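# Structural characterization, general
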Amino acid sequence: MSVPDYMQCAEDHQTVLVVVQPVGIVPEEQFFRIYKRIASVNQVSVRDSQRQLYIRYRHHYPPDNNEWGDFQTHRKVVGLVAVTSCASAKEWPQTSDRFHGQKEVYGATLYDSRLLVFGLAGEIAEQQRTDVAFYSSYDDCPDVERRVEDFVESIFIVLESKRLDRATDKSGDKIPLLCVPFEKKDFVGLDTDSRHYKKRCQGRMRKHVGDLCLQAGMLQDALVHYHMAVELLRSVNDFLWLGAALEGLCSASVIFHYPGGTAGKSAARKPSLSQAADAGKRHRPGAQEVLIDPGALTTNGINADTSTEIGRAKNCLSAEDIIEKYKEAISYYGKYKLAGVIELEACVKAVRVLAIQKRAMEASEFLQNAVYINLGQLSEEEKIQRYSVLSELYEIIGFHRKSAFFKRVAAMQCVAPTIPEPGWRACYKLLLETLPGYSLSLDPKDFSKGTHRGWAAVQMRLLHELVYASRRMGNPGLSVRHLSFLLQTMLDFLSDQEKKEVTQSLENYTSKCPGGMEVITLPDGLKLPAVPFTKLPIVSETHLGLHFCQSVLKDVTPLERSLMASLFNFQWVRGDVCEVQLMVYNPMPFELRVENMGLLTSGVEFESLPAALSLPAESGLYPVTLVGVPRTAGNITINGYHTSVFGVSSDCLLEGLPTVKTGGCMVEVVPSLPRLQLSTSLPRSAHPTSEELSSSVSLQLFNGESQQLTITLENIGTENLETLELTSKTLTTKEKLFGEFVSWDLQEALSHLPLKPGQSLTIPVTVKVKLDFSGQENLLQDLNDDGISVTGLPISSPLRQVLKPRAESKPVSSEAGKAEHNHLKTLEAVLNFKYSGGAGHVEGYYRELCLGVRVDVEPSVFFTRVSTLSATSTRQCHLLLDVFNSTEHELTVSSKNNQDLLLHASECQRMAIQVDKFAFESVLGGGGAGDVAELEPAQEPERFTSPKQLEEQRLLAQAALINTTLNIRWNIPSLQREGEASVEGVLNQQVLDHLQLAPLQWDVLVSGKPCDCDAVAECRVGEAVALEVRLTNHSRAAVGPLALSVVPFQDYQNGTHNYDLSDTLTFIGSNTFHINTVEPSQSAVCQGALLFLYTGDFYLNIKFQDDRSSSTTSSATTTTASSSAGRELPAAWFCLPSVHVRALESPIENGA
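### Quick word on the overall build of the protein chain
Helix and strand counts for the protein chain stand at 27 helices and 46 strands. In the protein chain, which comprises 1152 residues, the proportion classed as buried is 50%. Counted over contacts in the protein chain with a minimum sequence separation of 6, partners at least 24 positions apart contribute 74%.

Here it is, written out as structure tokens:
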């Protein structure tokens, strides 16, 4: 026997073999239709019996194999069904002869036969014959199955008779010796009367009867005969037949343990019509038939606990013993070279049983043995079948890579050099089937999920073989697809040389058949998905933007804005050039040319503007900007980008890129808006700016200096500019800033609206830096060491004083102190231009254009000490400032109505400024400390939430008023730069109190002339001198009633005052004046007169007291008084001007 049946299984031992063959010329399609119907009758219940007869059908069976029918009866052809076409009665004799000739081929073993004749009508067709059935056509044959069942029953009758005949003990008859074909010549001349020979005959016959019992459905009898045969044959060392007896014993035990069969899922081993049909289509002359799909073997379909069932069958092997007996039988077969087919089929049967038992390792040992069984010279087709079956068996036991190996060997066998016409299509199909075993998929998405699976070197070899096979098939499109897949998925495992070779091959293929994104469908229905080149180049980041970085917003409520932000993270404008920036790099060892690179979008109409780029070898991150223009408004989704590399067009989706965190993003395209381009009169900033800024400028100013900035806005869009707003925001800084950092005048610019496309307008902007001018603590200490007091004590003269020269051992400023006071400070602000127009303006959309302003502030001057001195007038005082020049240049400091002060580098001098005291009542509605207590909560400005905040703002406002009045400025002549020196951050509460004008204003007039500022009122002796005291109440509460007393005295300038002047002067009337309650903003006047009797210098001391109290009078300059409400008033409120009266001699009248 030279042709193995690789689809053999243990349960085939209980089947009878029936051959179905065409006779004459029969259309193949019609034959297999009938064959399928015949093969459906594979299990027949015998009448008047509980036994089942199983039939195995073949449409081709080698006669050589039939000669082994005595060795194993399931190999014997016992039935023949012939199918023929006969169009007329003339053809019938010839057809009948052909049928008889066909029977002669298997005549020695046939039990019965049938002939199915199609197309014949007439007298011949009307004959009633048991071995021939006539049908008018292939479509009109309803009783084919019934006739086949009758035919099977006739076979059973013959089978049962033979079983009974062989099983009956005929002691007088001589038992014939059953032989296999190659044994017949070996037994010539043997002693047939020897006991050894008789035991051999008995053992072989017992084994043969066991086969017949198994086919006849008598399982228990078969087991008994097999056991007896084993004992007899073992005693005479008849190893070949002993192996057959052991295999029969194993087969019977398998049938008992696994009634569902070992070859497939079908219950009771009853294949469906579809399976029979597939088998019919799959078989061709010279090949073995497959009625049950071997790849479907996944479960045994029996009870997991078979121990109870084993006990029911006497002599039945256990599951473990079955495998041991198979091993023993195979070892016996291996002793005979001509029994290689039997040994191979036994290995296959054992593997199927082990697969049911889930014993994969033991099954692999049987398969390994089967690989090395030598069957002699096999044809290429038989080799292909052998390797394919080995692959399927390895797949059954879960050895997927081993299965793929043999499948690939079978594929290579299809195109062996010895084959005249290599089967490249069959090779390609088998190679595709090996992919899962090597953890290889043709879907590139499977290679973007985590780590690489499988052996990359083997996978690359397999892909190269697919490329070559598809090229030999004459399908360059398939070659391009497989080569693209190799380059995309195996790029990390290719050497530099391999990368060059693969890309060169790909370019050669694409020159004939360019690669695209279409799905390729193979003839068997397998679909090859597209392979986008996401690694050529590799994209690591994506950024969306407008060609001009201007954000687009809409006037909506905060809730609507938050909802829009959750849906859209960016906005584009219809008709504007929009861009997506990709960060890419080239992983190839040579220059990579990427052509036709553009955006993939969905939603609104979008015009993509493709780009071409050339990336250097292993370039590193490289920015690539893809642009396009949305032509309609709506929502657009950026799905990815498309490229053309090496002749392969790719659509790369963002969601499929493992290096990009976000997938496709949605962008809202708003209606058309104008677009402004910004330019300034200052150069652009060299410092990196935020992405939100359209532009930025930087400049360097001294503290207190200001500079003009001219901003030009040009409408470069297609819509008119209709609205324009400008706001500014100073970025958070630890430095305290006084005044407005950035200011502008927008009226002139707004007069040019609407601004047509191509026109421009200018906006003047003033940048002014005014930080704290107060000196630091260590600098104050340096000044104290130089002899200038920092305690605020009065200085005898308000004239400017120059610092004494420092000792050489102590420089003007130490390096640490100089570094601390001369370091640059940075201020930043953002100018935000909000503008709109066109269709977008109608729907509430607008653009924002941001300009960053960065100023590096260099110190100019410091005020290291501030104090005050009283002036001769109660409404004036002297403000003393120690000014330190922190620059490296000579500068001058000037103030209002004051002489310029010249300061060298790092020099400090004192300047005194005489100022009028300030009425702070109009500043935030506040005055002195007493007025703060008067304010009720309802009177405070709403923007201040606490009295502390109100007080802080009041102090700032007071300092700003003083600073404006002083107008201190510095000037550096060498640089032609000047600026303001602000005292806003320098003045403390004590200084502010000294600079404040008292709320109660006292005016003393002598003879109608005010007495203040050391003025001396002159009068004549003997003449009445009018004295008037006027009180103006600038406080917020009523004052009074008050009583004022005028006390005259003389000052001898030696510390002695003379108050006894009753003989020197006299009052005309009373020297005490009464003032009623004075309401806020009201005035009261007291009038009296004096008469001087002698010449001299006299002083008037005015005292006051509460008119309703009995408290002792006191000097207004030292004691406080109480108002009508019982509130104590500060003594500073009663600072009356000093009154100096000089009495002169009266002129002598003429003729006196």
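### Quick look at the confidence of the model for the protein chain
Across the protein chain, the average pLDDT comes to 80, with 82% of residues at 70 or higher. In the predicted structure, residues 270-313 sits below a pLDDT of 50 and forms 81 contacts with residues beyond four places in sequence or in another chain. A low-confidence stretch, residues 1110-1127 (pLDDT under 50), is modelled with 38 contacts involving residues beyond four sequence positions or located in other chains.

### Overview of the pattern of salt bridges
Following the criterion strictly, the structure yields 38 salt bridges and no others. The salt bridge involving Lys 349 is made with Glu 247; its shortest N-O contact spans 2.6 Å. Taken together, the residues span a long stretch of sequence, with Lys 349 in helix 12 (residues 340-356) and Glu 247 in helix 8 (residues 239-257) at a distance of 102 residues. Residue classification places Glu 247 among the buried positions, given a relative accessible area of 0%. Two residues, Arg 631 and Glu 607, come together in a salt bridge whose shortest N-O distance is 2.4 Å.

### Quick word on the packing of helix 7 (residues 219-235) against helix 8
With their axes 9 Å apart at the nearest point, helix 7 and helix 8 run at an angle of 155° to one another. With respect to each other, helix 7 and helix 8 are oriented roughly antiparallel. Along this stretch, helix 7 crosses helix 8, giving a crossing that reads as left-handed. When helix 7 is examined against helix 8, the residues Leu 219, Leu 223, Tyr 226, His 227, Ala 229, Val 230, Leu 233 and Arg 234 are found in contact with a partner set consisting of Trp 241, Leu 242, Ala 245, Leu 246, Gly 248, Leu 249, Ala 252, Ser 253 and Phe 256. Considered class by class, the residues forming the contact of helix 7 with helix 8 number 13 nonpolar, three polar and one charged.

### What to know about helix 26 (residues 947-966)
In this model helix 26 runs 29 Å from its N-terminal to its C-terminal C-alpha over 20 residues, within 8% of the 28 Å that 1.5 Å per residue would give. All of the buried residues in helix 26 are Leu 950, Arg 954, Gln 958, Ala 959, Ile 962, Asn 963 and Leu 966. After helix 26 finishes, the residue Asn 967 shows a positive phi value of roughly 50°.

### Re the sheet that holds strand 25 (residues 760-768)
Taken in spatial order, the four strands of this open sheet run 20-22-25-24, and their pairing is antiparallel. Every interior strand has two partners, whereas the edge strands, strand 20 (676-680) and strand 24 (742-744), have only one. Pairwise comparison of adjacent strand axes, ignoring direction, gives a mean angle of 30° for this sheet. Of the pairings in the sheet, the one linking strand 20 to strand 22 (residues 706-715) comprises five bridges and is antiparallel in character. From the neighbouring strand, Ser 679 faces strand 22, where its bridge partner is Thr 712.

### Details of the packing of helix 11 (residues 319-333) against helix 13 (residues 360-371)
Where helix 11 meets helix 13, the closest approach of the two axes is 12 Å, and the angle between their N-to-C directions is 15°. It follows from the interaxial angle that helix 11 and helix 13 lie roughly parallel. Helix 11 and helix 13 meet at a crossing whose hand is left-handed. From helix 11, Ile 323, Tyr 326, Lys 327 and Ile 330 reach across to helix 13, where they touch Glu 362, Phe 366 and Asn 369. For the contact of helix 11 with helix 13, the class distribution of residues is four nonpolar, one polar and two charged.

### Some words on unusual backbone geometry
With the exception of glycine, the majority of residues adopt a negative phi angle, and the majority of peptide bonds are in the trans configuration. Omega for the peptide link from Leu 536 to Pro 537 comes to -5°, which places this bond in the cis form. Residue position: Pro 537 is located in the loop between strand 8 (527-528) and strand 9 (538-546). Despite not being glycine, Asn 237 has its phi angle at roughly 55°, a positive value. Here Asn 237 is to be found in the loop between helix 7 and helix 8. For Asn 967, which is not a glycine, the phi torsion comes out positive at approximately 50°. Turning to its location among the elements, Asn 967 is positioned in the loop between helix 26 and strand 33 (969-972).

### Description of the pairing of strand 16 (residues 622-630)
Bridge count for strand 12 (residues 578-585) against strand 16 is seven bridges, and the pairing is antiparallel. Looking across to strand 16, one finds that Cys 578 is bridged to Gly 628. By the bridge criterion, four bridges tie strand 14 (residues 606-609) to strand 16 in an arrangement that is antiparallel. Within strand 16, the position partnered with Leu 609 by the bridge is Val 627.

### Focus on the nonpolar core
By size, the foremost hydrophobic cluster in this structure holds 73 residues, and its most contacted members are Tyr 428, Leu 487, Leu 536, Trp 572 and Phe 646. A total of seven residues in this core trace back to one element, the largest contributor, which is helix 17 (residues 456-472). Here Leu 536 is in contact with Leu 487, Leu 491, Pro 587, Met 588, Leu 592, Val 645 and Phe 646, once residues within four sequence places are set aside. Counting residues in hydrophobic clusters, the runner-up holds 70 residues, among them Tyr 6, Leu 223, Val 348 and Leu 378.

### Thoughts on the sheet that holds strand 32 (residues 908-916)
Here three strands make up an open sheet; going across it, the order is 28-29-32 and the pairing antiparallel. What marks the edges here is a single partner per strand, and that holds for strand 28 (861-870) and strand 32. The sheet shows a mean angle of 25° between the axes of neighbouring strands, taken without regard to direction. Pairing of strand 29 (residues 876-885) with strand 32 involves nine bridges; the strand directions are antiparallel. For Leu 880, the partnering residue across the bridge sits in strand 32 and is Ala 912.

### Some details on empty space enclosed by the protein
Counting across every chain of the model gives five cavities of 30 Å³ or more. Looking at the second largest cavity, its volume works out to about 70 Å³. For the lining of the second largest cavity, the secondary structure elements donating two or more residues are strand 5 (112-118), strand 6 (132-135) and helix 5 (144-167). With three residues, helix 5 is the largest single contributor of residues to the lining of the second largest cavity.

### Description of helix 3 (residues 92-105)
Given a rise of 1.5 Å per residue, 14 residues ought to cover 20 Å, and the 20 Å separating the end C-alpha atoms of helix 3 matches this to within 8%. Those residues of helix 3 lying buried are Trp 92, Thr 95, Ser 96, Phe 99 and Gln 102. The arc enclosing the buried residues of helix 3, seen along the axis, measures out at 120°, which places them on a common side. Seen from the buried face of helix 3, the exposed residues on the opposite side, beyond 90 degrees, are Asp 97 and Glu 104.

### So, the environment of Ala 1084
Here Ala 1084 shows up in strand 43 (residues 1083-1092). Sequence spacing of Ala 1084 and Trp 1002 is 82 residues, and the spatial spacing of their C-alpha atoms is 9.9 Å. Contacts of Ala 1084, omitting those with residues within four sequence positions, involve Val 1029, Arg 1030, Leu 1031, Ile 1075 and Val 1078.

Rules of the game
Residues numbered from 1 in each chain as written. Predicted model: local features only at pLDDT ≥ 70, side-chain atom pairs only at ≥ 80, totals over all residues. Heavy atoms only, no water. Helix = DSSP H or I, 4+ residues; strand = E, 2+ residues; numbered from the N terminus. Buried < 20%, exposed > 50% of the residue type's maximum accessible area, 1.4 Å probe, protein only. Contact = heavy atoms within 4.5 Å. pLDDT = per-residue confidence, 0-100. Salt bridge = Lys/Arg side-chain N within 4 Å of Asp/Glu carboxyl O. Axes fitted to C-alpha atoms, helices over the stretch in contact; angles between N-to-C directions. Parallel < 35°, antiparallel > 145°, perpendicular 65-115°, else oblique. Left-handed = near helix turned anticlockwise from the far one by under 90°. Nonpolar A, V, L, I, M, F, W, Y, C, P; charged D, E, K, R; others polar. Expected span 1.5 Å × (residues − 1). Pairing = 2+ DSSP bridges. Core = buried A, V, L, I, M, F, W, Y, C linked by side-chain atoms within 4.5 Å. 1 Å grid on protein atoms, 1.4 Å probe; cavity = no way out; pocket = protein on both sides within 12 Å on 5 of 7 lines; lining within 4 Å. Points joined across faces, edges and corners; volume = space filled by probe spheres on them. Arc of directions from axis to C-beta.

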